[in-house]
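# Summary of the model geometry
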Amino acid sequence: MTGDRSLGGEPPTGVVSPDGSPVDIYRALPRPDDADTIHAAIPAGSSILDLGAGTGRFARALASLGHPVIAVDQEPAMLDGLDAEPGISTVVGSIETLRLDETVDVALLASHLLNDDALGRAALATAAHHLAPDGWLVAEVYAPNIDWATAVGHRSILGPVGVTLMRAVVDGDVLDAAVRYDLGERVWDQPFVAVLLDRRALDTRLLEAGFVLERWLDAGRRWFLARRVPQSV
C-alpha cells in the first residue's frame, strides 16, 4: 500500500516512513498467510529480493521456509532488527535507485507496489536488474472485482490490528482512498492513491519491463507469477 500524508492520529512511536506508514502498527501485523502461497509457487530454497519489505512480515515468513531473503526498505526503522533474523539480510535504500552487485532467483513486489504508477514501474525495472536469467517475479495487485464503494466502512482484523477502509473514490482507473489502522486505543489514518490495473494494463506494464504473466497464484487474482519474456534467437 502506498500513502502520502496523515489524515490524523499519532503513530505509537512517532516513526513514520516516507510513504506515511506507521512503523509500530505495521510491526504489530501478523505473519501473512500469502507467504505460504508464494513458497509453494517457487523452487525450494530460492533466494528472494523483497522490495519495499517494510517491517519484514514476508521476509521473516519466507526465510523461515528456507529462502534466503534480501529485505529492502527506504525507512531504517522499518528494518530495525530484521538482519538479526536467520536467513535475512537488509538494505536501506530506494527501490527506484537500488542496484546491488548480485542476482536473485525471485523478486517480490508485495503491498500493491505495482498499483503505484511511478513506483510500480521503477520496481519492475529494479526487479529485472537483479533477477537471474531464469528468475521469477512474484507480485501483488488489487483484485479486479473489488467493489470499493461497498468496502468503505468495513473493518478487517489482522492480529491485534484493525484495518478499516475509510474512503474510496474511483475515477477511471485511479483510486483515491484512505485506510484507518487501530491498535488498542491508538488510531492512524493513511491515505493513498493507486492505479487500478485490468489484465490488459497489467500485461502492458509487465511487457514494458520485459516480463510476461505466467499464472495467477490465487483464485482472487491478487498474486501472480511472471517470467522474463523469452529472447528470440
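All of these numbers come straight from a predicted model, not from anything done at the bench.

Rules used throughout
Residues numbered from 1 in each chain as written. Predicted model: local features only at pLDDT ≥ 70, side-chain atom pairs only at ≥ 80, totals over all residues. Heavy atoms only, no water. Helix = DSSP H or I, 4+ residues; strand = E, 2+ residues; numbered from the N terminus. Polar contact = N/O pair within 3.5 Å; in protein donor to acceptor, adjacent residues only side chain to side chain. Contact = heavy atoms within 4.5 Å. Pairing = 2+ DSSP bridges. Axes fitted to C-alpha atoms, helices over the stretch in contact; angles between N-to-C directions. Parallel < 35°, antiparallel > 145°, perpendicular 65-115°, else oblique. Left-handed = near helix turned anticlockwise from the far one by under 90°. Nonpolar A, V, L, I, M, F, W, Y, C, P; charged D, E, K, R; others polar.

## What to know about the side chain of Thr55
With respect to the helices and strands, Thr55 occurs in the loop between strand 1 (48-51) and helix 3 (57-64). Of the polar contacts made by the side chain of Thr55, one reaches the backbone oxygen of Tyr26; its length is 3.5 Å. Not counting residues up to four positions away in its chain, the partners in contact with Thr55 are Val23, Tyr26, Arg27, Arg60, Met78 and Leu82.

## Structural notes on the pairing of strand 11 (residues 223-228)
Direction of pairing for strand 5 (residues 131-140) relative to strand 11: antiparallel, over a ladder of five bridges. Residue Leu137 lies in a different strand from strand 11, and its bridge partner there is Ala226. In the sheet, strand 10 (residues 211-216) pairs with strand 11 via five bridges, with the strands oriented antiparallel. Bridge assignment links Val212 to a residue of strand 11, and that residue is Arg227.

## Let's talk about the sheet that holds strand 1
Here seven strands make up an open sheet; going across it, the order is 3-2-1-4-5-11-10 and the pairing mixed. A strand with exactly one partner marks an edge of an open sheet, and here the two such strands are strand 3 (88-92) and strand 10. Strand-to-strand twist of the sheet, defined as the mean angle between neighbouring strand axes without regard to direction, takes the value 25 degrees. Of the strands in this sheet, strand 4 (104-109), strand 5, strand 10 and strand 11 touch helix 2 (residues 34-41), which is tilted by about 30 degrees from strand 11. Its contacts with the sheet place helix 5 (residues 117-130) against strand 1, strand 4, strand 5, strand 10 and strand 11, and it is angled at close to 150 degrees to strand 5.

## Section: the packing of helix 5 against helix 7 (residues 199-208)
Where helix 5 contacts helix 7, the axes come no closer than 9 Å and their chain directions differ by 45 degrees. With respect to helix 7, the element helix 5 is oriented oblique. Handedness of the helix 5/helix 7 crossing: right-handed. The residues of helix 7 that touch helix 5, namely those facing Asp117, Arg121 and Leu124, are Arg205, Leu206 and Glu208. By residue class, the composition of the contact of helix 5 with helix 7 is two nonpolar, no polar and four charged.

Geometry only, nothing functional implied.
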